[in-house]
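Architecture at a glance
For reference, the chains in residue letters:
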Amino acid sequence: MPTWLAAGLWGLLGGAALLLGAAVAWAVRVPQRVVAGVMAFGAGVLISALAFDLVDEAGESGGLLPAAGGFLVGALVYVAANVVLARRGARHRKRSSGQQPSEGEQSGSGTAIALGALLDGVPESVVLGLGLVGGGAVSPAMLAAVFISNVPEGLSSSAGMKAGGRSARYVFGVWGGIALASGLSALVGYAALQGAPAEVVAFITTIAAGAILAMVADTMIPEAFERAHLSTGLITALGFLTAYTVHQLGG
């Protein structure tokens, strides 16, 4: 199989987890504490994967300055875009209860929520494609992190969309589109940087990493803490330890 196609398929797999979560939310009423627990676990998994599979390796291959610079740029860009979308109705896009506004309550909120979900999902897919640059392989820990975190993201956000009066066509259209965009992002990430200098790859990789960490802090952990409360820290730590173990065994 051509490597560019493999990159796209890995990205599509990660994005499909969002669709899986949406399907579960639409068919079954999952207790919010369960959703919050899985969200906290996914947050810990992502943080661990960022630290060991993205930022640390980018620093070793490309140097400290490109890695640190990219990480800061990614966080700044994500936060700026998130502020704009939050003002247009996407602030609570991962919340599973009734915080998401309906279109009647805030015109244009449906588009803002869709764009916010896209903003959250694309950086994760890009790093899956970048893992194949230079003849490398997709990190098992990073792939697990993306999949494990995307299921509760899709589940929680879709439950909130349903509570806000969104139709099945809207919900599955959003997640289906993001799954396709995830595959395309991974493919483009690989194709654009194949043969690029290590410093450039490190910079782009950590842009995605900075955006992902900002997303975890801004959207995943608040939703988890709202429902799981004092157990959030322990569950997040278990997620971190799980991903670290996968990283060590895979190395």
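Rules used in this analysis
- Residues numbered from 1 in each chain as written.
- Predicted model: local features only at pLDDT ≥ 70, side-chain atom pairs only at ≥ 80, totals over all residues.
- Heavy atoms only, no water.
- UniProt positions renumbered as here; feature names shortened; annotations may be inferred.
- Helix = DSSP H or I, 4+ residues; strand = E, 2+ residues; numbered from the N terminus.
- Expected span 1.5 Å × (residues − 1).
- Buried < 20%, exposed > 50% of the residue type's maximum accessible area, 1.4 Å probe, protein only.
- Bend = angle between axes of the 7 residues up to and from the residue.
- Core = buried A, V, L, I, M, F, W, Y, C linked by side-chain atoms within 4.5 Å.
- Contact = heavy atoms within 4.5 Å.
- Polar contact = N/O pair within 3.5 Å; in protein donor to acceptor, adjacent residues only side chain to side chain.
- Patch = residues over 30% accessible without salt bridge, like charges linked within 9 Å, V, L, I, M, F, W, Y side chains within 5 Å.
- Areas by Shrake-Rupley, 256 points an atom, 1.4 Å probe, with all protein chains shown as cover.
- Salt bridge = Lys/Arg side-chain N within 4 Å of Asp/Glu carboxyl O.

Under the annotation held in an unreviewed UniProt entry, the protein chain carries the name ZIP family zinc transporter and is attributed to Kineococcus glutinatus.

Right, let's get into the UniProt feature "transmembrane region" (unreviewed entry) in the protein chain. Those residues carrying the UniProt feature "transmembrane region" (unreviewed entry) are residues 6–27, 34–52, 64–85, 126–148, 168–193 and 200–221 in this numbering. Structurally, residues 168–193 comprises 100% helix and 0% strand, and the distance from its first C-alpha atom to its last is 37 Å.

With that settled, consider helix 1 (residues 3–27). With 25 residues, helix 1 should cover 36 Å at 1.5 Å per step; its first-to-last C-alpha distance of 36 Å lies within 8% of that length. All of the buried residues along helix 1 are Ala6, Ala7, Gly8, Gly11, Gly14, Gly15, Ala17, Leu18, Gly21, Ala22 and Ala25.

Attention now moves to helix 2 (residues 32–62). An α-helical turn contains 3.6 residues, so any two residues separated by three or four positions project in the same direction. For helix 2, built from 31 residues, the straight-helix expectation of 45 Å at 1.5 Å per residue is met to within 8% by its first-to-last C-alpha distance of 42 Å. Its maximal kink placed at Leu50, helix 2 deviates by approximately 35°.

The tendency in soluble globular proteins is for nonpolar side chains to be buried as a group. Core analysis: the biggest nonpolar cluster contains 35 residues, and Leu46, Met142, Ile212, Met215, Val216 and Met220 have the highest contact counts within it. Sorting the residues of this core by element identifies helix 1, helix 2, helix 4 (109–130), helix 5 (140–163), helix 6 (168–193) and helix 7 (198–228) as the ones contributing at least two each. The element that contributes the greatest number of residues to this core is helix 7, accounting for 10 residues. Beyond its immediate sequence surroundings of up to four residues, Val216 is in contact with Ala43, Leu46, Ile47, Ile221 and Pro222. If you look at the next biggest cluster of nonpolar residues, it comprises nine residues, including Ala22, Ile113, Val171 and Ile178.

Along the chain, Ser158 turns up in helix 5. At 2.6 Å, the side chain of Ser158 forms a polar contact with the backbone oxygen of Gly154. Excluding anything up to four places from it in sequence, Ser158 contacts Ala22, Ala25, Val171 and Trp175.

With that out of the way, let us pick up a nonpolar patch on the surface. A cluster of nonpolar side chains, contributed by Met1, Trp4, Leu5, Leu9, Leu12 and Leu180, occupies part of the molecular surface with about 620 Å² of accessible area. Per-element tally for the nonpolar patch: the top contributor is helix 1, with four residues. Along the chain, Leu9 turns up in helix 1.

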